[in-house]
Each structure stands twice: as structure tokens, then as C-alpha cells.
Amino acid sequence: MEFFPRMSTINFGVTFCNTLDSVNSQPYDFSLWKALSKVWHNFQRHAVRQIGNGRNTNFWLDKWVPHNVELLPSALRDQIDTTLSVIDVLNQDGDWDVRFLSENLSNDIVSQVIALPAPTDVGGPDILGWAGTNTHQFTVKSAYTLNHAIDMPHVAEGDWKTLWGWKGPRRIQTFMWLAAHERILTNIRRSKWGVGISPTCASCMRQDETTLHVLRDCLQAVRLNSDGACKGNNGISGCGGLFRNSDGRWIKGYTKKIGSCDSFHAEMWGLYLGLDMAWRDHISYLIVESDSKLLIDMITGNCTIGGVIPTLVRRIRNLLALDWQVQVRHTWREGNRSVDWLANYSLSMDSFSCSIVESPPSELRTLLFDDVSGACMPRNVRLNL
Ligand SMILES: [Zn+2]
């Protein structure tokens, strides 16, 4: 193909002004230019640089080491200067600054870099080339092969020798291999087997459970259950609540004796305290479960008591309106048995202050296990026939 080297020569001029990644076409442009601008992104992904004077090649972001990968993902430090050019990584003698390289990159990569001749002004400008061929010359065949490899699902690119040479536990190596090959048993894989399994992630209930979702994107929810308890009519009331992670494991509980009020007021207190605590603990995604349908309707704005919104409901609504994600769900009383226990426990306390329960009391362990395992409890439901 003759035209591509010529076209790319034109663009190489542009490249050194660092506009390689922004090639646009206008409606009045030649159709060849329009076609090229469409495939430019793919072309640019495979562009590599051969170092001359090292002035126009970004040390961390451009592909200039022999394996045609950027160095940024291999950086050993969290803070790096991404404006660094390759020329900046030389010592006073004009040779590679091995100390800087060793502090920032693994020995494997350092040895690849120092094997390259250090940039020098007599080397002329850096040259852009094509990663698909050994000669760095562009061919349509190599472009097709490279793009086809990327579009193919489940083809894992990677240096497997490095993975198997990694000195860590074998089971973690195996896990990394499985993850890279999309072999982890995720819900989306299981759902494809047609066994009536939902592809949705059970932890966040928001997206399909793919490998990437499990390992990177899943925003794990914290669950909050709260409840109120009341001793006799207008007796002393208390409330309690419980934070658990998405697997149902205990994070912390709280319990507070309130004073003299009705059971609905106690429910409101239970939820308000829990939400306030969650916000102050910087929880970003919270699932709130309450067995009070009335309370849920009130805080979600579906009903009021005689047109009046109680102060605590107002406060709860204010908390819900803050910048975080809160889902409110109704749960049957049986699902709330652990917090029912905590709310009743508050009644036995001397003080009226809120106490944090860091680990589950022994009396609660069986209840917690039942709640987590979804134990089946008999329930009377009134049917309106
Ligand atoms: Zn998830």
C-alpha cells in the first residue's frame, strides 16, 4: 500500500506538535481523509516511537520501549511526573539515569531501557513507527491482524512468562490467569448456561456481574437495618440498628434508649441514627432495610400524617438528599430480627446515650446466621379476600 506511508509522513509532522491523538475530519474534507480520521484511533494505538534525541517522546505515556507498551502502568511509585520526556531521564554524562529508572520501574523494564542507546541530539528527531511489523513499516495485513486480535473476545494479551515467573502463591497466579482468560465463575457466565441464574451482581444489584465488574467496578453496598421497640403503651422506647456488608457480615451495631414515645417514633429514631452514622462514616452506597412500610412511605414522600411531616422524617429526608447513594427497601419483620433484638436490648440499658456494638453479642449469633442464610420462618399474612 503506497498511500499510507505518504499520508502518515504528513501526519508525522503534526505528531511532533503532540496532536497525534486528535485527528478530525470536516464534511468538506477528501473522503480519504475522512476514512483515515475514522480509523485514526486504532492506528494511533499501535504507533511506537524510535528514540532519536528523545525530546518529543513522553517517558511515561508513549510507547518507546521494545515491547511497545506504555511505562505508566508499570510505575512503582504513586506520584510520577507525566510531563517527563525521554531526554529528561539522562544523567550528567548523557547516559541513562539508572538510579531514577531503578527507583521507578522494575528491574526487568530497567534492563530493557538501558539496552537502548541513550538519546542524543545528533540522533535527530524521534521517529514514529508501526508496532505491527518488526521493521516498524505499516502494512495493511499487520493492521488487520492487530485489530482483529483486539476485537476477538476472550483473547488475553499478556506476558504469561512474567505471570508464571511471579514469586507469589500459586493459587493467586492461577486466579490471575483465570481472570485474564474470563474463566472466573461470574453470574453472567452462569446465566449463559441457562440454569435460571440472574446475571446481575448480588453485591450491588446494579450491574451484570462480569469479571471486570467483580474485580474493579463493583461498588459494594453497606446494608443498614433499623428498628424500634416500645414497652407497653406510652412506656419507655428504644431503638437499634445494624450495619452489615453485602455478604451479610457484621460491621457494627448500635442501640439507644429513647424515652417515652410510641413505636413509630422509635422506628424513626432508629433509622435517623443509622443514616446519620453512615453519612459520618463516609459510606458511599447504602441499602436501608426497614420492616415499617409506613416509615418507608413517609421518608420517600409517599405519605404524611395528617399533612404534617414529623421532624425526624424531615431530618431523614435531608440526609437522603445528600451526595451519596441510598436505596430504601421494605423487609419483612423476620428479616429484621437481629435489629429487633438490638432495639429491645436498648430498653435494659441505664443510660440514654447511643452505644456502639462492635461485635455481635452471643445471643445474636444464631439470629444473624438465620438472617444471612435466609432461614425460612412461618408468617401469618392477612389476605383481603
Ligand atoms: Zn456489583
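Residues numbered from 1 in each chain as written. Predicted model: local features only at pLDDT ≥ 70, side-chain atom pairs only at ≥ 80, totals over all residues.

- The name that an unreviewed UniProt entry assigns to the protein is RNase H type-1 domain-containing protein, with the source organism given as Trifolium subterraneum.

1. Quick notes on the overall build of the protein
No. 1: A tally of helices and strands in the protein yields 14 helices and eight strands.
No. 2: Of all 385 residues assigned to the protein, the portion counted as buried reaches 24%. (Helix = DSSP H or I, 4+ residues; strand = E, 2+ residues; numbered from the N terminus. Buried ≥ 20, exposed ≤ 12 C-beta atoms within 10 Å, placed from the backbone.)

2. Let's talk about the sheet that holds strand 7 (residues 325-330)
In a beta sheet, neighbouring strands are held together by backbone hydrogen bonds and run either parallel or antiparallel to one another.
No. 1: Read from one edge of the open sheet, six strands run 7-6-3-4-5-8, paired in mixed fashion. One side of each edge strand has no neighbouring strand; the edge strands of this open sheet are strand 7 and strand 8 (355-357). Averaged over all pairs of adjacent strands, the angle between their axes in this sheet comes to 20°, without regard to strand direction.
No. 2: With nine bridges connecting them, strand 3 (residues 222-230) and strand 4 (residues 236-245) associate as antiparallel partners. When the bridges of strand 4 are listed, serine 226 appears paired with glycine 241.
No. 3: Running at roughly 150° to strand 3, helix 10 (residues 263-280) makes contact with strand 3, strand 4, strand 5 (250-260) and strand 6 (285-290) of the sheet. (Pairing = 2+ DSSP bridges. Axes fitted to C-alpha atoms, helices over the stretch in contact; angles between N-to-C directions. Contact = placed C-beta atoms within 7 Å.)

3. Some words on the pairing of strand 3
No. 1: The element strand 3 is extensively covered by neighbouring structure, given that seven of its nine residues are classed as buried.
No. 2: Of the strand pairs in this sheet, strand 3 and strand 6 are connected by four bridges, and their pairing is parallel. Looking at strand 6, one finds that asparagine 225 is bridged to glutamate 289.

4. What to know about unusual backbone geometry
No. 1: Here histidine 282, not a glycine, exhibits a phi torsion of approximately 60°, which is positive.
No. 2: Considering the arrangement of structural elements, one finds histidine 282 in the loop between helix 10 and strand 6.

5. Here's the deal with the environment of proline 125
No. 1: With respect to the helices and strands, proline 125 occurs in the loop between helix 4 (107-114) and strand 2 (127-130).
No. 2: A C-alpha to C-alpha distance of 7.5 Å links proline 125 and asparagine 56, two positions 69 residues apart in sequence.

6. Focus: the packing of helix 10 against helix 12 (residues 311-320)
No. 1: For the pair helix 10 and helix 12, interaxial distance at closest approach is 10 Å and the crossing angle is 25°. With respect to helix 12, the axis of helix 10 lies roughly parallel. Here helix 10 runs over helix 12; the crossing is left-handed. Counted together, Met268, Trp269, Leu271, Tyr272, Leu275, Asp276 and Trp279 of helix 10 and Leu312, Val313, Arg315, Ile316 and Leu319 of helix 12 form the full contact between these two elements.
No. 2: A per-class count over the contact of helix 10 with helix 12 returns 10 nonpolar, no polar and two charged. (Parallel < 35°, antiparallel > 145°, perpendicular 65-115°, else oblique. Left-handed = near helix turned anticlockwise from the far one by under 90°. Nonpolar A, V, L, I, M, F, W, Y, C, P; charged D, E, K, R; others polar.)

7. Some words on the environment of phenylalanine 264
No. 1: Within the element layout of this structure, phenylalanine 264 appears in helix 10.
No. 2: C-beta crowding within 10 Å serves as the criterion here: with 18 such atoms nearby, phenylalanine 264 is assigned to the partly exposed category.
No. 3: Spatially, the C-alpha atoms of phenylalanine 264 and alanine 229 are 9.0 Å apart, while their sequence positions differ by 35 residues.

8. Concerning the nonpolar core
General note: in soluble globular proteins, nonpolar side chains tend to be found buried as a group.
No. 1: Within the largest apolar cluster, 33 residues are counted, with the highest numbers of intra-cluster contacts made by Cys239, Trp269, Leu271 and Tyr272.
No. 2: If you list the elements that add at least two residues to this core, you get strand 3, strand 4, strand 5, helix 10, strand 6, helix 11 (293-299), helix 12 and helix 13 (337-346).
No. 3: Considering every element that reaches this core, the biggest residue donor is helix 10, with eight residues.
No. 4: If we ignore the near neighbours within four places in the chain, the residues touching tyrosine 272 are Leu312, Arg315 and Ile316.
No. 5: Counting 14 residues, the second largest nonpolar core, distinct from the first, contains Phe43, Phe59, Val86 and Leu128. (Core = buried A, V, L, I, M, F, W, Y, C linked by C-beta atoms within 7 Å.)

9. Quick look at the confidence of the model for the protein
Caution applies to low-pLDDT parts of the model: their predicted coordinates are not meant to be read in detail.
No. 1: Residue-level pLDDT values for the protein average 78, and 82% of them are 70 or greater.
No. 2: Note on residues 1-19: pLDDT is under 50 here. Beyond four places in sequence and across chains, it has 11 contacts.
No. 3: This stretch, residues 151-155, has a pLDDT under 50; its non-local contacts, to residues over four places away or in other chains, come to three contacts. (pLDDT = per-residue confidence, 0-100.)

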